[in-house]
Every structure is written in structure tokens, then in C-alpha cells.
Amino acid sequence: MLKTILITGAGTGIGKDSAFALAQRGHRVLATTQTDAQADALTLEASAKKINLEIFKLDISSEADRQRIEPYAIDVLINNAGMGESGSLAEVDMQIVRKIFEVNLFSTLELTQVALKGMIERQKGTVLFVSSIAGRIPMPFLMPYSMSKFALSAAGAGLRAEMDQLKKNIHIALIEPGAIHTGFNQAMTDSKYAWMARSSYFSHQAEKMKKQEHATFRFLEAKSTQGIVNQIVKATEATRPQLRYTSPWIQGFGVRLARIFGV
Ligand SMILES: NC(=O)c1ccc[n+]([C@@H]2O[C@H](COP(=O)([O-])OP(=O)(O)OC[C@H]3O[C@@H](n4cnc5c(N)ncnc54)[C@H](OP(=O)(O)O)[C@@H]3O)[C@@H](O)[C@H]2O)c1
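For the structure given in this document, a descriptive report is provided here.

Cut-offs applied
- Residues numbered from 1 in each chain as written.
- Predicted model: local features only at pLDDT ≥ 70, side-chain atom pairs only at ≥ 80, totals over all residues.
- Heavy atoms only, no water.
- Near = heavy atom within 4 Å.
- Polar contact = N/O pair within 3.5 Å; in protein donor to acceptor, adjacent residues only side chain to side chain.
- Areas by Shrake-Rupley, 256 points an atom, 1.4 Å probe, with all protein chains shown as cover.
- Helix = DSSP H or I, 4+ residues; strand = E, 2+ residues; numbered from the N terminus.
- Axes fitted to C-alpha atoms, helices over the stretch in contact; angles between N-to-C directions.
- Parallel < 35°, antiparallel > 145°, perpendicular 65-115°, else oblique.
- Left-handed = near helix turned anticlockwise from the far one by under 90°.
- Contact = heavy atoms within 4.5 Å.
- Nonpolar A, V, L, I, M, F, W, Y, C, P; charged D, E, K, R; others polar.
- Phe/Tyr/Trp six-rings, centres within 6.5 Å; stacked < 30°, edge-to-face > 60°.
- Buried < 20%, exposed > 50% of the residue type's maximum accessible area, 1.4 Å probe, protein only.
- Salt bridge = Lys/Arg side-chain N within 4 Å of Asp/Glu carboxyl O.
- 1 Å grid on protein atoms, 1.4 Å probe; cavity = no way out; pocket = protein on both sides within 12 Å on 5 of 7 lines; lining within 4 Å.
- Points joined across faces, edges and corners; volume = space filled by probe spheres on them.
- Expected span 1.5 Å × (residues − 1).
- Arc of directions from axis to C-beta.

With that out of the way, let us pick up the site of the ligand. Inspection of the region around the ligand gives 26 residues, with T12, Q34, Y145, I180 and T182 positioned closest. Here an oxygen atom of the ligand sits 2.8 Å away from a polar atom, N or O, in the main chain of I180. In isolation the ligand has 870 Å² of accessible area, and contact with the protein removes 88% of it. Contributions of two or more residues to the shell around the ligand are made by α1 (13-24), α5 (143-166) and α6 (184-190).

This is the structure:
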């Protein structure tokens, strides 16, 4: 059955590729971007590819932008927008941690509440939260991001149970990608070095750390978004989506093992 789908952070990466894939399957896709410039670029790319998207700016941290989704009868909301920040919890500025929680958790939930209002009235809908496997096991030096995704995965699982009790045919699922090459991980890991260069307990090993992080992601990252896009399509089209969708599966499996062994 064809659906009306709204996806956030669709100007780049996983969000953009998911928007294209869902539109190519015949769904009506409202592809939203953080900025007007991204909306213009996406409009050009979609028209060059002859893919039909309805594109507009939606900065999820803007109350006015969030209200713009109210008139749409959204069947599936895909909360894909997110940001990354890194640094040791021993010293990272809490404003950085507050900012990432503001975007990845609070703004995501505020947008979800706007969408849920219509879904509950219409007695149908699905909300997907694009969290991360970093929301399943703590990631040293990525904790500002990891904590925000732990909170998001917990929020999604809790909201799912609440919506089950409401019995209004509202489904909630978590998309938990492993490392995927979109540029996101490099920007996130590098975000800390500007302030670490000024002052850090770890200054003496910063260069080595940076090289190791880049090497780790070069090794771990899936080169294409296809696997996670397939999972997003599956969750979007499911009548009753399961709680969690992960890709690459081997990373999801590794995380489950790590949790069994108490990491
Ligand atoms: N790539 C991975 O390895 C990986 C792994 C696990 C989870 N994820 C999650 O997957 C999602 C997509 O990430 P990606 O890899 O595709 O990276 P990406 O290309 O950077 O996508 C994130 C998108 O969210 C947008 N965004 C940030 N803040 C926003 C806001 N306030 N309002 C609206 N949009 C906003 C970004 O816009 P700007 O470009 O303007 O910042 C960007 O377009 C994120 O939630 C990320 O946490 C990614």
C-alpha cells in the first residue's frame, strides 16, 4: 500500500538515499532538509534523476519549522536528522552535550509529537527513529553522540510500549545503523580536535588517536547506504514493524554479543 512518508535530514547521506528509494517505490515522499540551500540542491538532484519528491526546509530544532508538518496526513515519519559530537566526558563542554541532546533527542521527540497528534486522530501511523548501534554500547570518546542515541533508542522503545497500550494502530520502530560511509563519522570524530588542541587531558595522544579513529572507520564502514536503506524501506512498509532494524548485520550481531558479555 502506498504511503505518505515524511523524512528529516534528507539533504544528505542515509536520509537522501532513503527518500529516493521510497519515492522510486511509488510512495509520496516529503523530503525535508535542515537548510534552504540543501532543499534547492536536492530539488535539482531529484529532478535530474526524474524522482518525484516534495521538498521543503525543516530544521527540527525550530518550533516554527516543526509546525509546518501539521497539515500533512503523514503515514510514516522517519526521524533521520541527527548530528555528531565527540570528546571525553572528563572535559567536554556541557554546552556541546546539551546541543546534541537538543537535536538528536528533544527536537526529534517534539517533531514526533506533532506527527503523532494527526496519527492518533486518524488511528494509523508509524514512527521510525534513526538511532545507532552507538545507542546500544558506550563508545569511548564518542559519548556525547552515544549518550544521545542511547536516550533516543530508550525513548523509541518506551513510546512503542505506550502506543501499544493506546491501541490506535500506531507503530514505533528503531533503525540502528552500524558504521556507514557518509562522512558523518569523520566529521563527528574530528569535531573534538579544535578544542583539544587548546586544552585536553589527551593532547599528548591526540594525533595518534585521530589516525586510529580514521583507520577504524575506514575498516568498519559499509561503503554504501544500500543495506540500511533496505531496512528503512522494510520498516516503513511493514504492517507491524519489529522493534529494531540494523545494518550491516555483522555489526548489529557484534553489539548483541558485546551486550551479552556485559559491555
Ligand atoms: N553514518 C553512520 O555511520 C551512522 C551510523 C549510525 C547512525 N547514523 C545516523 O543516521 C542518521 C543520518 O546520518 P548520515 O550518516 O546520513 O549523516 P548525514 O549525511 O550527516 O545526515 C544527517 C542529516 O541530518 C541533518 N540535520 C542535522 N541537524 C538537523 C536539524 N536540526 N534539522 C534537520 N536536519 C538536521 C544534517 O544536515 P547538515 O548536513 O546541514 O548537518 C544531515 O543532512 C543520523 O541520525 C545519524 O546519527 C549514522
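Right, let's talk about the packing of helix α4 (residues 94-122) against α5 for a bit. Packing of α4 against α5 brings their axes to within 9 Å, and their N-to-C directions diverge by 20°. Taken together, the axes of α4 and α5 are roughly parallel relative to one another. Our pair here, α4 against α5, has a crossing hand that is right-handed. Note on element contacts: α5 touches α4 through P144, Y145, M147, S148, K149, A151, L152, A155, L159, M163 and L166, opposite V97, I100, F101, N104, L105, T108, L109, T112, L116 and I120. A per-class count over the contact of α4 with α5 returns 16 nonpolar, 4 polar and 1 charged.

With omega at -5°, the peptide bond leading from S247 into P248 counts as cis. With respect to the helices and strands, P248 occurs in the loop between β7 (244-247) and α10 (249-260). One non-glycine residue, F141, lies in the positive phi region at around 70°. Note that F141 resides in the loop between β5 (125-130) and α5. Phi angles above zero are rare outside glycine, and N169 is one such case at about 65°.

The next thing to look at is the packing of aromatic side chains. Counted under the stated rule, the structure contains 4 aromatic pairs. Here the aromatic rings of F141 and F202 are separated by 4.9 Å at their centres, their planes lie at 90°, and the arrangement is edge-to-face. Of this pair, F141 sits in the loop between β5 and α5 while F202 is found in the loop between α7 (193-198) and α8 (206-220), placing the two residues 61 residues apart along the sequence. Residue classification places F141 among the partly exposed residues on the basis of a relative accessible area of 22%. Both rings, one in W249 and one in F253, keep their centres 6.2 Å apart while their planes meet at 55°; by these two values the pair is tilted. One end of the pair is W249 and the other is F253, both in helix α10 and 4 residues apart, which spans about a single turn. For W249, a relative accessible area of 63% puts it in the exposed group.

Here we come to the pattern of salt bridges. Counted by the stated rule, this structure contains 12 salt bridges. We note a salt bridge from R25 to E237, for which the minimum N-O separation is 2.7 Å. Of this pair, R25 sits in the loop between α1 and β2 (28-33) while E237 sits in helix α9 (residues 226-237); the two residues are 212 residues apart in sequence, bridging distant segments of the chain. Linking R28 and E54 is a salt bridge whose minimum nitrogen-to-oxygen distance equals 2.7 Å. Taken together, the residues R28 in strand β2 and E54 in strand β3 (residues 54-57) connect sequence positions 26 residues apart. Salt bridges linked by common partners bring K16, E45 and K49 together as one network.

Attention now goes to empty space enclosed by the protein. Under the defined criterion, the tally for this structure stands at 1 cavity of 30 Å³ or more. As for the largest cavity, its lining consists of R160, D164, H171, I172, R240 and P241. Looking at the lining of the largest cavity residue by residue, the classes come out as 2 nonpolar, 1 polar and 3 charged.

Another aspect to go through is α10. Relative to the 16 Å expected for 12 residues at 1.5 Å per residue, α10 spans 17 Å between its end C-alpha atoms, a close match to the ideal helical length. For α10, every residue scored as buried is listed here: Q251, G252, V255 and A258. One face of α10 carries all of its buried residues, which in axial projection span an arc of 120°. Exposed and facing more than 90 degrees away from the buried side of α10 are W249 and I260.

Everything listed is a geometric property; what it means functionally is a separate question.
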